[in-house]
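Chain by chain, the residues run as shown.
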Amino acid sequence: MCTARYYITILTAILGGSTQFYSYGIVNPCQELITQWINLTYMERSGTFVSETNLNLIWALVVGSVSLGALAGALLVRVLSERCGRRNALIINGIFNIIGAFCELIARSASSPELLIIGRFILGANMGLTSGVVPMYLMELTPTKYRGAAGTLHMVAVSFSDWFSLLIGLPEVLGGSIWWPIAFALPGIPALALCFILPFCPESPKYLLVTRGNREGAYDSIVALVGELQAKPVFNELIRESARDKSRSGSFWELFTSKKLRLPLLVSLLVMVAQQFTGCTAVFAYSTDMFINAKLDPQTARYATLAIGVVYFLFACSAPLLIDRVGRRPLSLFQLISCLIALSLLTLFTGIQQYGQATWASYGTIGALVLYMCVYGVGSPIPWMITGELFNQHFRSTAVTVSVFVAFFMTMIISSAYLPFQQMVGVTFSYMPFIVGSCISIVVLYFILPETKNRDVNDIVNEARARNHSLSLGMPWNTLSKEGRTENKHIEALNP
């Protein structure tokens, strides 16, 4: 049984850290309002309105600054989490979050679109950093039995912030001409709460013991998390895990060059890439346009986007309940296959509507989008947490840094390229790269993705190596049976 301090720590981390994804979505409902303000601001400065080309460029900077900041923040995961600790990295992140929110709050009164861009870049860096540190911190705080459920809470909070940003950005709420700076600066409030509460919360005991060699501090942290009665067995388990961990570097060079780490790194990246190939970036960014293509008027389309955001959040809430009952591997494959079906249906109904001129197909398009959000939400946390289970303590933050950077890099590429690609091939065929990518991802992950539920990291890595050995011998079917994996482990043990 965990203590009250454990639950306070978890709640503070996800509300003050994970919900920063709010900044990604808040800009979409306010596009027309912000572009008008930018145009008027530059007219007051120079006496002339900005050309349409330059206005689109400035707007692209406003939108894209979050993605660029997220890439920068992702690269800081290892540096801050290893040098300062998981908890202190989040506190530092919170301080900069407050600075970014303040820049956005005063941008209109200062007549400075540049401050808005700077603020969004800082908040984007907060997103990148929390995407790596929060799941890692939550899972290192939590006993092995409940580790999976804790790791999913990051994406549950992200899904909440997604629909909440759409709600706050509506003109009827805070998206109007007067209150939009408050809507943009809202993430500063939970960040401020984090900075006041988290210093009184425990640091990751795994970090204290394995990285810092602080046995006493690690034990005190465990006592604060699970209580005195359960502290000793949890501490002994942590000692055994650290004793099996022979590595001491954890550098990027060793991560990329070590033969033993090659497959775990490949698996963690493929799981992250596979989720991007579900088309999540395009669906989230352009769902309003998809509803408009389904013959909804613009205002109704905005409310429909908010509605499917709520659906996504509700189904993401099922992930903590399913992750340890079903397992990471089955849930991940279920999500990928279900998203593939939803995308195929979306392509089919869009094609019927576009080329067959059948008005009833618009209902099929809406249904496919709702189905997509349901099944995507169920498995969405897995790529963000599984990297922490595939690597030992010394390489965990390094691998998470690489995984999160790849995720945000792909997000930036897909969000930038999707609209031009759609205009080139048409709406119907714009989903084909995601369908093909999903098919490939499902086949590859079916053979190489190990189950990580309630397992020691060394056992997980051994299974990953066994799966790799089967594939290298041209016998992928050996990865499907327990006997085959056991035989491969024996072979791997003789040939380390």
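Residues numbered from 1 in each chain as written. Predicted model: local features only at pLDDT ≥ 70, side-chain atom pairs only at ≥ 80, totals over all residues. Heavy atoms only, no water.

Caption draft 1: Fine view of the overall build of the chain. A count of helices and strands for the chain gives 25 helices and zero strands. Compactness check: the chain gives a C-alpha radius of gyration of 23 Å against a globular reference of 23 Å for 496 residues, within 12% of the reference. Along the first, second and third principal axes, the C-alpha atoms of the chain reach 70 × 55 × 40 Å. A buried classification covers 58% of the 496 residues belonging to the chain. By element, 68% of the accessible surface of the chain is carried by carbon and sulfur atoms, the whole surface being about 20,700 Å². One finds the centroid of the 34 positive side-chain charges in the chain at a distance of 7 Å from the centroid of its 28 negative side-chain charges. (Helix = DSSP H or I, 4+ residues; strand = E, 2+ residues; numbered from the N terminus. Rg over C-alpha atoms; globule rule 2.2 N^0.38 Å. Buried < 20%, exposed > 50% of the residue type's maximum accessible area, 1.4 Å probe, protein only. Areas by Shrake-Rupley, 256 points an atom, 1.4 Å probe, with all protein chains shown as cover. Lys, Arg positive; Asp, Glu negative; His and termini not counted. Charge placed at Lys NZ, Arg CZ, Asp CG, Glu CD.)

Caption draft 2: Structural view of the pattern of salt bridges. Under the defined criterion, the tally for this structure stands at seven salt bridges. Across the salt bridge formed by E82 and R86, the nearest N and O atoms sit 2.8 Å from each other. The two residues E82 and R86 agree in class, both being buried. Taken together, the shared-partner salt bridges in this structure form one network comprising E82, R86, E140 and R396. (Salt bridge = Lys/Arg side-chain N within 4 Å of Asp/Glu carboxyl O.)

Caption draft 3: Fine view of the state of the cysteines. Within this structure, the stated rule accounts for zero disulfides. No disulfide involves C2; its nearest neighbouring cysteine sulfur is the one of C201, lying 14 Å away. Its relative accessible area of 15% is what places C2 among the buried residues. (Disulfide = S-S within 2.5 Å.)

Caption draft 4: Inspection of the packing of aromatic side chains at higher detail. Tallying each qualifying case throughout the model produces 20 aromatic pairs. Geometrically, the ring pair formed by Y6 and Y7 is edge-to-face, given 5.2 Å between the ring centres and 80° between the ring planes. What makes Y6 buried here is its relative accessible area of 7%. Residues W180 and F184 carry aromatic rings whose centres are separated by 5.5 Å and whose planes lie at 80° to one another, so their mutual orientation is edge-to-face. Residue W180 and its partner F184 are both found in helix α9 (residues 180-185); the two are separated by four residues, about one turn of the helix. Under the relative-accessibility criterion, W180 is labelled buried at 1%. (Phe/Tyr/Trp six-rings, centres within 6.5 Å; stacked < 30°, edge-to-face > 60°.)

Caption draft 5: Region of interest: the confidence of the model for the chain. Mean pLDDT over the chain works out to 86, with 93% of the residues at or above the 70 mark. Below a pLDDT of 50 lies the segment residues 487-496, which in the model reaches 15 contacts outside its immediate sequence neighbourhood of four places, other chains included. (pLDDT = per-residue confidence, 0-100. Contact = heavy atoms within 4.5 Å.)

Caption draft 6: Molecular detail of the environment of D220. In this fold, D220 is placed in helix α12 (residues 215-226). Along the chain, D220 and L123 lie 97 residues apart, while their C-alpha atoms are 33 Å from each other.

Caption draft 7: The arrangement of helix α8 (residues 147-168) in detail. A rise of 1.5 Å per residue sets the reference length of α8, with its 22 residues, at 32 Å; its end C-alpha atoms lie 33 Å apart and thus fit the reference within 8%. By the criterion of burial, α8 is predominantly enclosed, with 18 of the 22 residues buried. (Expected span 1.5 Å × (residues − 1).)

Caption draft 8: Broad picture of the packing of α8 against helix α18 (residues 319-326). For the pair α8 and α18, interaxial distance at closest approach is 8 Å and the crossing angle is 145°. Of the two possible hands of crossing, α8 and α18 adopt the one that is right-handed. On the side of α8, the interface is formed by G148, A149, T152, L153 and V156, while α18 contributes A319, P320, I323 and D324. When grouped by side-chain class, the residues that make up the contact of α8 with α18 number six nonpolar, two polar and one charged. (Axes fitted to C-alpha atoms, helices over the stretch in contact; angles between N-to-C directions. Left-handed = near helix turned anticlockwise from the far one by under 90°. Nonpolar A, V, L, I, M, F, W, Y, C, P; charged D, E, K, R; others polar.)

Caption draft 9: Fine view of the packing of helix α1 (residues 4-16) against helix α7 (residues 113-141). Relative to each other, α1 and α7 sit at 170°, their axes nearing to 10 Å. Here α1 is positioned roughly antiparallel relative to α7, judged by the angle of their axes. Packed against α1, whose contacting residues are Y6, T9, I10, A13 and I14, the element α7 presents V134, Y137, L138 and L141 at the interface. Split into classes, the residues belonging to the contact of α1 with α7 amount to eight nonpolar, one polar and no charged. (Parallel < 35°, antiparallel > 145°, perpendicular 65-115°, else oblique.)

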